Amino acid sequence: MFPNSGAITNTESLVDINHLAKYTGGKNTLVAQGGGQRGIFTSGVLDAFLLSNFDPFDEFYGTSAGALNIGAFLCRQQGIGRSFILELTTKPEFFHLFRYIRRKQYLGLDWALDKICEFPYRLDVDMGRQVLGQRKAFAAVTETTHLIDHYLPMLDHDWKKVLIATCAIPRLYEKEVKFDHGTYVDGGVSASIPVQQAWRQGARCIVVIRTEGEDIGQDELILPDSEDSEWFRHSFNTMQERFQDRLIQWKTEWNGFFDEQIFKSRQEKKDQKHLELLNGGRWLFGADDIYRLSHLLGDKFDSGLADMLMVHYQTYALTQGFIQRPPDDCFIIQIKPATPLLSSSLMSSEEDLLHDYQLGLDAGFRFVETFCRGSESLSMPLYPYS
């Protein structure tokens, strides 16, 4: 682990507080990964923050379920992120496999967001705007024409549409989400963990809530030269030339590439290991499940979906490289489970979801405790709780 990085799990803290203190005087940013129902771990972390009155962040970035959880955190409604996943995404109105296969029902994002605004939940968006104040919160989305990442403000008048866009998983959600400024799908395609965008916008202490482990091998990471981190400053579209040779190779061999990933995931199933597929849950289904669903629906696994999967895999490899070897001018702390979560991205059991929520609570309280111990040296003012 590099000196300007650290990790906190539900069982241990691996952070050099003295070194971290050098980075906390500037912009402090919270980044939340997606992962479908695995986002209940993030719900636990952020509920621990709420119960501890802990909010030292100047800016927020979330993808998919990560954005939903950040919204609940800003609205200061402890437990509402947990309820959204545990009580709403497990309902057949949200997703029912056989109805989906018969083309009778797509992912019920609109239904779930309508429900979270009603009794007994009543998401308080006005409170969220008040708490956010002059700070900024963004949801990552993917522009459909060029498959590049964009970041939309989360609590504006169109907040519900923005949250639908960041969660609009290709093939599972019925359509792309159209705005005047573009058409978008799930942010996990191009920015499953939008940590680079946080750094580009000036963040120097970046707290990243993860819903999975390090699922990209060292041989697959894309790391910068030690003296050249300039390429981190740009969105994926401006990096294409640098990686064009690799991109061409992957696109010409994508059948073999995905066959290899499918074989790996099936071996993990045979070995009864916890499954972290090619997408690690950043989309709700892995490559082999997309093949299977496409076959059941009579759809062709076309080049458009192949390009999305390829962009996703490539950008995620870039992000893993960034997190594992951050630029010298920032400090990255990961909050993540010590062991793989029991829940899946979709169709998880209540028991598994409650287990993973507790892991998130434990990790969140451990994070706050670590920072309280180092409070004399850390310059991270808490924003007021309304």
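All figures in this text were calculated on a predicted structure; none of them were measured in a lab.

### Remarks on the overall build of the protein chain
- Of regular secondary structure, the protein chain possesses 14 helices and 10 strands.
- A buried classification covers 60% of the 386 residues belonging to the protein chain.
- A fraction of 78% describes how many contacts in the protein chain between residues 6 or more apart in sequence connect residues 24 or more apart.
- A total accessible area of about 16,400 Å² is found for the protein chain, and carbon and sulfur atoms account for 48% of it.

### As for the pairing of strand β9 (residues 203-209)
- A large share of β9 lies buried, amounting to six of its seven residues.
- Strand direction decides the pairing type here: strand β3 (residues 27-32) and β9, joined by six bridges, are parallel. Within β9, the residue paired with V31 across the bridge is V208.
- Pairing of β9 with strand β10 (residues 331-335) involves five bridges; the strand directions are parallel. If you follow I206 over to β10, its bridge partner there is I332.

### Structural notes on the nonpolar core
- Of all hydrophobic cores here, the largest spans 80 residues; its most connected members are L20, F49, F60, L74, I333 and F367.
- For this core, the element with the highest residue contribution is helix α14 (residues 350-373), accounting for eight residues.
- Aside from chain neighbours lying at most four places away, what touches I333 is G6, V15, L20, C205, I206, V207, V208, F367 and F371.
- F138, A191, Y316 and C330 belong to the second-largest nonpolar core, a separate cluster that totals 18 residues.

### Brief notes about the environment of T145
- Inspection of the secondary structure assignment puts T145 in the loop between β5 (136-143) and β6 (148-153).
- Taking the C-alpha atoms as reference, T145 lies 8.7 Å from Y184; in sequence the two are 39 residues apart.

### A word on helix α2 (residues 40-51)
- Compared with an ideal rise of 1.5 Å per residue, which puts 12 residues at 16 Å, α2 spans 16 Å between its outermost C-alpha atoms and is within 8% of the ideal.
- Counting buried residues along α2, 11 of its 12 residues qualify, which places the element largely inside the surrounding structure.
- Those residues of α2 that sit buried are I40, F41, T42, S43, G44, V45, L46, D47, A48, F49 and L50.
- After α2 finishes, the residue N53 shows a positive phi value of roughly 50°.

### Concerning the UniProt feature "short sequence motif: GXGXXG" (unreviewed entry) in the protein chain
- UniProt tags residues 34-39 as "short sequence motif: GXGXXG" (unreviewed entry).
- The annotated region residues 34-39 carries 0% helix and 0% strand content, and the separation between its end C-alpha atoms amounts to 6 Å.

### Structural notes on the pairing of strand β8 (residues 182-186)
- β8 sits mainly inside the fold: five of its five residues count as buried.
- Across three bridges, β5 lies against β8 in antiparallel orientation. Within the sheet, the bridge partner assigned to T142 lies in β8 and is V185.
- Bridge analysis of strand β7 (residues 177-179) against β8 gives three bridges, and the strand direction is antiparallel. By the bridge assignment for β8, F179 is matched with G182.
- Where β7 folds back onto β8 in an antiparallel hairpin, the turn is made up of two residues.

### What to know about helix α3 (residues 65-74)
- Burial within α3 is extensive, with 10 of its 10 residues counted as buried.
- Of the residues making up α3, those classed as buried are A65, G66, A67, L68, N69, I70, G71, A72, F73 and L74.

### Digging into the packing of aromatic side chains
- Under the defined criterion, the tally for this structure stands at 15 aromatic pairs.
- Each ring, one from F49 and one from F367, has its centre 5.6 Å from the other, and the planes form 40°; the classification is tilted. Residue F49 is located in helix α2, and its partner F367 is located in helix α14; the two are separated by 318 residues in the primary sequence.
- Three or more aromatic residues joined by ring pairs form one cluster here, namely F49, F54, F57, F60, F73, F367 and F371.
- Over the aromatic face of F179 sits the side chain of K161, whose NZ or CZ is 4.6 Å from the ring centroid.

### Side note on the packing of α2 against α14
- One can describe the packing of α2 onto α14 by two numbers: an axis separation of 6 Å at closest approach and a directional angle of 40°. For the element pair α2 / α14, the angle class is oblique. In this structure, the crossing between α2 and α14 has a hand that is right-handed. Listed contacts from α14 to I40, F41, S43, G44, V45, D47, A48, F49 and L51 of α2 are L353, D356, Y357, L359, G360, L361, A363, G364, F365, F367 and V368.
- Counted by class, the contact of α2 with α14 contains 14 nonpolar, four polar and two charged residues.

### Looking at the pattern of salt bridges
- A complete count under the given rule lists eight salt bridges for this structure.
- Where R76 meets D55, a salt bridge forms, and the shortest distance between an N and an O atom there is 2.7 Å. Taken together, the residues span a long stretch of sequence, with R76 in the loop between α3 and α4 (80-88) and D55 in the loop between α2 and β4 (59-62) at a distance of 21 residues. In this pair, the class of R76 matches that of D55, namely buried.
- The residue K115 makes a salt bridge to E118 at a minimum N-O spacing of 3.9 Å.
- You can call E118 partly exposed: its relative accessible area is 38%.
- It is possible to trace a salt-bridge network through shared partners that takes in D55, R76 and R135.

Calculation notes
- Residues numbered from 1 in each chain as written.
- Predicted model: local features only at pLDDT ≥ 70, side-chain atom pairs only at ≥ 80, totals over all residues.
- Heavy atoms only, no water.
- Helix = DSSP H or I, 4+ residues; strand = E, 2+ residues; numbered from the N terminus.
- Buried < 20%, exposed > 50% of the residue type's maximum accessible area, 1.4 Å probe, protein only.
- Contact = heavy atoms within 4.5 Å.
- Areas by Shrake-Rupley, 256 points an atom, 1.4 Å probe, with all protein chains shown as cover.
- Pairing = 2+ DSSP bridges.
- Core = buried A, V, L, I, M, F, W, Y, C linked by side-chain atoms within 4.5 Å.
- Expected span 1.5 Å × (residues − 1).
- UniProt positions renumbered as here; feature names shortened; annotations may be inferred.
- Phe/Tyr/Trp six-rings, centres within 6.5 Å; stacked < 30°, edge-to-face > 60°.
- Lys NZ or Arg CZ within 6 Å of the ring centre and 35° of its normal.
- Axes fitted to C-alpha atoms, helices over the stretch in contact; angles between N-to-C directions.
- Parallel < 35°, antiparallel > 145°, perpendicular 65-115°, else oblique.
- Left-handed = near helix turned anticlockwise from the far one by under 90°.
- Nonpolar A, V, L, I, M, F, W, Y, C, P; charged D, E, K, R; others polar.
- Salt bridge = Lys/Arg side-chain N within 4 Å of Asp/Glu carboxyl O.

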